[in-house]
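Secondary and tertiary structure notes
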Amino acid sequence: MKRVPRNLARSVALAIGATLAASQAFAQPVDTARIQAGDANDWLTYHGTYRSYHYSPLDQINTNNVSNLSVAWIHIPGRSTRGLQSMPLVADGVLYYTGSYSRTFALNGATGEVIWSYIPELDEALISRQTHSPYNRGVAIGDGKVYVGTMDGRLIALDMKTGKPAWDTKLIDSEKLTVGFTGAPLYAKGTVVIGSQGGEWPGRGPIFGVDAATGAKKWQFDTVAPNEEAQKTWGNDSWRTGGGGGWMPGTYDAETNTIWWGTANPAPLYDWSGTDYKTQGARPGDNLYTSSVIGLDLDTGKLKFYHQELPHDAWDFDSAVGEFVMLDRDGQKLVVHPNKSGYIFVYDRSAGLKNVWRITQNSNFVKDIDPKTGELIGRRDFSAGKVAEPLCPHISGGVSFNAGSYNPKTGLYYKLGQEWCMTLTVAKTTPITAPQAQLNIGADFKIAPPPSGEIYGHLDARDPVTGAKKWEVRFPEPPLASVLSTGGNLVFVPDSRGTIHAYNAETGAELWNHADGTGHQGGIVSYAVNGKQYIAVTAGFGGMASDDYAPTFGGVYKSMPRDDGALIVYSLK
Amino acid sequence: MKLTRGAFLMRRNLQPLAFRAVSSVLLALTLCLAGGREAAAQQSAPPADAQLDVQALFTSTCGWCHSDGGRAAGKGPQLMNSARTDDFMRNRIKTGKEGAMPAFGETFNDAQIDSIVKYIRSLKPDQG
């Protein structure tokens, strides 16, 4: 037997140790610190990191070589009823994403190989009765699990490595309320937060905090009248007609252990109150905490602060949509948040208002919003009957539910605006306080062009705090998908016709585009595996906004499927 | 057009004080939906003689997709002057269409679905 020289043995041991250490580092669980730090190779939460930039620092793909971008691989999730609307997440080279019916996949980020899939068994009869269904907007990851909500009111945790269910918690009586979860959850410090649908239904619009380890419900915050102060803002006990909810994910401020979340509109969407909305109509008062941004303690769900962006929202322009861009400017820690109205709100880290600016050209639901006080100036509160002047923007919003992108290298906020309006006839309704056929709208309406001409959409590059515009690119139909900007000085816009575009982030010059075969209305992210950068985008059309495109625009939308979708991943040739 | 408001649209005391005057709920639907799929099936549809305020139904629910109260195409087709047969409409309302229209077969009974079809057939251009 030969003796191994002592030095050699030590070297081998060191090498093995280093390899194991590297392996352990590779297997380091996704936790709050990792999501906060936001390694460039990953995309660990819906909004990218807790700072909510929808920005990747990766610059391998850049303005000089983006013309060499080509498809690396494609994944078809199947059964993409109403398209594909989710935001992929990536950790340690594995891509996690969902399709309709909460079909969940873990894929090799370099090859697209399926590592595991999870197809939940859902209450199909319930889902067949739902209007805002069966799409899913994505997952959260953390503590070794993948978390996904379902349309029948459950939050499910899957083992990140195997896809096997770790727990399955029923949070909402969806069979009674006919609402569930379409939005992605948020993971932070051992808690999974998820908000329910709510704006159109007679519920209390709850947001839940769930123990990531066990699936036990830790807290519930009802966005409709959860306390005495809020109940006073719903005259005639109209909080029973409900609404609210938080159907898109918010974010987490680690410095204050606070969850930021946006809430949806009250029901009915349109009120017949006339100008005296404080005492008249279907829901007299401000209707707290609907159409608001709220700050909740992560551990208890206790309300720490709020700003109601639209007191007594009578237009369905709820605040549940959009990112919470956390940036520092002139020594101030700010949060930038859009709502469906097309107004963008700038806050300090306690929701103290710092500024308000508007991205849409066509807007008349108010004359303006005071940038200092947030007061809605010249608001239009309708009486029952036909509304003479079309309402702008359309119910689908001045911005979509998808996210814009803040690029810290350019200091610009890239956000899509939508220019469209609607005719409407408001009805004097009787209160709907228990689930009925489905919704509680309160008006008949129809999409209409804006007074300035045709419907269109635009990508704006603006200062996120002042709203000052640097450049704009127009689209014949409003793009509905999320936007991605990168360290390669690029902005990616997946449009509604099915083309993905790349623009110079400084100038707006188009540098590349590619047809993905069907319209986009979901997420887009960038990540790296083994030193190679990828761009992943979901394609697949259909849903509450995009279903209007075929009758409104005709053309390619007439034959565009609303039950199909694909995840398409690009890299350099 | 507004069909007769009958037993289906009932007033109900949810809160004896403040809410009494404004509490009108679709009781039969509540019963139908309250107990989940199995319970809903067991409780079956609302009473056969129950009538439906179809105009209100369009204003609350159907109108998001069938624009202008069914008079114009939206996410769903224009219903006014539809070339579809009554049987087709009844079946579509009952069973829905995946990804396009919810199924209302557990929510409305045959008589109520008939009243919806009757309402659709009566639609005229909005003169307002």
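Below you will find a few notes about this structure. (Residues numbered from 1 in each chain as written. Chains lettered and ligands numbered in written order. Predicted model: local features only at pLDDT ≥ 70, side-chain atom pairs only at ≥ 80, totals over all residues. Heavy atoms only, no water.)

A separate point is helix α6 (residues 110-122) of chain B. An α-helical turn contains 3.6 residues, so any two residues separated by three or four positions project in the same direction. All names here are of chain B. Across its 13 residues, α6 extends 18 Å between first and last C-alpha, which sits within 8% of the 18 Å expected from 1.5 Å per residue. Those residues of α6 that fall on the buried side of the exposure criterion are Gln112, Ile113, Ser115, Ile116, Val117, Tyr119, Ile120 and Ser122. Tucked into the core, α6 has its buried residues touching α3 (54-60), α4 (67-70) and α5 (86-95). The N-capping residue of α6, defined by a side-chain oxygen 3.1 Å from the backbone nitrogen of alanine 111, is asparagine 109. (Helix = DSSP H or I, 4+ residues; strand = E, 2+ residues; numbered from the N terminus. Expected span 1.5 Å × (residues − 1). Buried < 20%, exposed > 50% of the residue type's maximum accessible area, 1.4 Å probe, protein only. Contact = heavy atoms within 4.5 Å. Polar contact = N/O pair within 3.5 Å; in protein donor to acceptor, adjacent residues only side chain to side chain.)

Attention shifts here to the state of the cysteines. By definition, a disulfide links the sulfur atoms of two cysteine residues through a covalent bond. By the definition in use, this model includes one disulfide over all chains. Note that A:Cys392 is cross-linked by a disulfide to A:Cys421, the S-S spacing being 2.1 Å. Taking the torsion about the sulfur-sulfur bond, which here is approximately 100°, the covalent link between A:Cys392 and A:Cys421 counts as right-handed. Placement of the pair is A:Cys392 in the loop between β25 (385-386) and β26 (405-407) and A:Cys421 in strand β28 (residues 421-426), with a sequence separation of 29 residues. Here B:Cys62 is not cross-linked by a disulfide; its sulfur's nearest cysteine counterpart is in B:Cys65, at 8.9 Å. Overall, B:Cys62 belongs to the buried group, its relative accessible area being 15%. (Disulfide = S-S within 2.5 Å.)

Our focus in this paragraph is the sheet that holds strand β32 (residues 484-486) of chain A. All names here are of chain A. The mixed open sheet is built from five strands, whose spatial order is β1-β32-β33-β34-β35. Sheet topology places β1 (55-56) and β35 (510-515) at the edges, where each strand pairs with a single neighbour. As judged from the five bridges shared by strand β33 (residues 490-494) and strand β34 (residues 499-504), these two strands associate in the antiparallel manner. Looking at the pairing, leucine 490 lines up with asparagine 504 of β34. (Pairing = 2+ DSSP bridges.)

Another aspect to go through is the sheet that holds strand β6 (residues 114-118) of chain A. Residues and elements named next belong to chain A. Judged by pairing direction, the sheet is antiparallel, and its four strands sit side by side in the order β3-β4-β5-β6 without closing on themselves. Two strands bound the open sheet, and with one partner strand each, they are β3 (89-91) and β6. The sheet shows a mean angle of 15° between the axes of neighbouring strands, taken without regard to direction. Direction of pairing for β3 relative to strand β4 (residues 94-98): antiparallel, over a ladder of three bridges. Bridging across to β4, valine 90 finds its partner in leucine 95. (Axes fitted to C-alpha atoms, helices over the stretch in contact; angles between N-to-C directions.)

These values are about where atoms sit, not about what they do.
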